[in-house]
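Results of the structural survey
Residues per chain, in single letters:
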Amino acid sequence: MDVLKLATEWAKAEVFSTRFFIFFAILFLIASIGFWQMGKTEIARAYIIPTLVAGILLLTIGLGLFYTNKSRITQFKTAYNEDVSAFVASEISRAESTLKEYQTVVFKAIPIIIIVAALLIIFINSPTWRAISITTIAMLIVILLVDGTAHSRIEAYLNELKTVDLRGEIKK
């Protein structure tokens, strides 16, 4: 297998993965509409804005990543045809920096935010703050689920990239 095929398969898997952000965004938006239309209690009404915001954020993340990775597929072919070794070097560099970002943002910052949101549920007895906290936790769990699989995928991709020879072939 050559490195172009490897990179293309990775990008296609990322495109597929980002659809889950869009799927959950739609669920949050439907929930917001449901709370708006059928919410009779104060707590149900408090969920309208937080679920709407979470849906919009997840939709923005999903669409942004979808189009970025979709366009990356065509850019891979161009970069590969220009200079194979430069393409591999840039992909290794990008994958390593992405893994560092995952370690900082996804696996440290997001759990801390979830803990803070959980503490807000315990210590603040307001329907609005509880709705915000619960919605935040739900949205961040979605991000952790999707990005957790993306993390392992890019880690495997990086390991494969490190075995590429000068012709762009993966050594066995």
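Look up: the structure comes first, before these words.
For every chain, the first residue of the written sequence is number 1, and numbering continues from 1 onward in sequence order. Where local features are concerned, this predicted model is filtered to residues with pLDDT of at least 70; where side-chain atom pairs are given and counted, the filter is 80 or more; whole-chain, interface and lining totals use all residues. The basis for the side-chain values is all heavy atoms of the structure; hydrogens and waters are excluded.

**Points about the overall build of the chain**
In this text, helices come from DSSP runs of H or I with a minimum length of four residues, and strands from runs of E with a minimum of two, each type numbered from the N-terminal end. Helix and strand counts for the chain stand at 5 helices and 0 strands. Written out in order from the N terminus, the α and β elements of the chain read α-α-α-α-α. Considering only C-alpha atoms, the chain reaches an extent of 65 × 30 × 20 Å along its principal axes. Relative to its 172 residues, the chain shows a buried fraction of 38%. What makes two residues a contact is simply this: any of their non-hydrogen atoms within 4.5 Å. Taking as baseline every contact in the chain between residues at least 6 positions apart, the subset at least 24 positions apart corresponds to 77%. Counting only carbon and sulfur atoms, one obtains 68% of the accessible surface of the chain, whose full area is about 9,900 Å². Across the chain, 17 positive and 14 negative side-chain charges occur, with their mean positions spaced 7 Å apart. Accessible area is worked out with a 1.4 Å probe on protein chains only. A residue is then buried under 20% of its type maximum, exposed over 50%, and partly exposed in between. We get accessible surface area from the Shrake-Rupley algorithm with a probe of 1.4 Å; when it comes to residues, only the shown protein chains can shield them. Positive: Lys, Arg. Negative: Asp, Glu. His and the chain ends are not part of the count. Charged groups are reduced to one reference atom each: NZ for lysine, CZ for arginine, CG for aspartic acid, CD for glutamic acid.

**Topic: the nonpolar core**
Counting 25 residues, the largest nonpolar core has Val3, Phe76, Phe87, Val88, Ile154 and Tyr157 as its most contacted members. Elements that contribute at least two residues to this core include exactly α1 (3-38), α3 (48-82), α4 (84-123) and α5 (127-161). We call a set of buried Ala, Val, Leu, Ile, Met, Phe, Trp, Tyr and Cys residues a nonpolar core when their side-chain atoms join them within 4.5 Å. By size, the runner-up hydrophobic cluster in this structure holds 14 residues, among which are Ile110, Ala117, Val142 and Ile143.

**What about the layout of surface pockets?**
Computed from the structure, the largest pocket encloses a volume of approximately 290 Å³. In terms of lining residues, the largest pocket is bounded by 19 residues, among which Glu14, Leu65, Asn69, Thr98 and Tyr102 are the most central. Of all the elements in the fold, those that place two or more residues in the lining of the largest pocket are α1, α3, α4 and α5. Broken down by element, the residue count for the lining of the largest pocket peaks at 6 residues, all from α5. Only protein atoms enter the 1 Å grid, on which a cavity is a set of points fitting a 1.4 Å probe that cannot get out and a pocket is an open set with protein on both sides within 12 Å along at least 5 of 7 lines, lining residues being those with an atom within 4 Å of a point. Grid points are joined across faces, edges and corners, and a volume is the space filled by probe spheres set on the points.

**Focus on the pattern of salt bridges**
A carboxyl oxygen of Asp or Glu within 4 Å of a side-chain nitrogen of Lys or Arg is what we treat as a salt bridge. Under the defined criterion, the tally for this structure stands at 3 salt bridges. Among the ionic pairs, Arg94 bridges to Glu91, the shortest N-O distance being 2.6 Å. Of this pair, Arg94 and Glu91 both sit in helix α4, 3 residues apart, which is roughly one turn of the helix. Judged on exposure class, the residue Arg94 and its partner Glu91 are both buried. The salt bridge partner of Lys162 is Glu96, with a shortest N-O separation of 3.7 Å. Highlighted residues: Lys162 in the segment after α5 and Glu96 in helix α4, separated in sequence by 66 residues.

**Some details on a nonpolar patch on the surface**
Nonpolar side chains (Val, Leu, Ile, Met, Phe, Trp, Tyr) are joined into patches within 5 Å and like charges within 9 Å, using only residues with over 30% relative accessible area and no salt bridge. On the surface, Phe16, Phe20, Phe23, Ile26, Leu27 and Ile30 cluster together into a nonpolar patch covering about 580 Å² of accessible area. Within the fold, Ile30 resides in helix α1.

**Some details on the environment of Leu65**
By the element assignment, Leu65 lies in helix α3. Take Leu65: its relative accessible area is 33%, and that puts it in the partly exposed class. Spatially, the C-alpha atom of Leu65 lies 19 Å from that of Ser93, the residues being 28 residues apart in sequence. With sequence-adjacent residues up to four places away left out, Leu65 is seen in contact with Thr18 and Phe21.

**Re the packing of α1 against α4**
Axis definition: a line fitted to C-alpha atoms, over the contacting stretch in the case of helices. Angles run 0 to 180 degrees between N-to-C directions. With their axes 11 Å apart at the nearest point, α1 and α4 run at an angle of 35° to one another. Handedness of the crossing formed by α1 with α4: left-handed. Contacts between α1 and α4 pair Val3, Ala7 and Trp10 from the former with Val84, Phe87, Val88 and Arg94 from the latter. A per-class count over the contact of α1 with α4 returns 6 nonpolar, no polar and 1 charged. In this scheme the crossing of two helices becomes right-handed for a clockwise turn of the near helix relative to the far one and left-handed for an anticlockwise turn of less than a right angle. Three classes are used, and their members are as follows: Ala, Val, Leu, Ile, Met, Phe, Trp, Tyr, Cys and Pro are nonpolar, Asp, Glu, Lys and Arg are charged, and the others, Gly among them, are polar.

These values are about where atoms sit, not about what they do.
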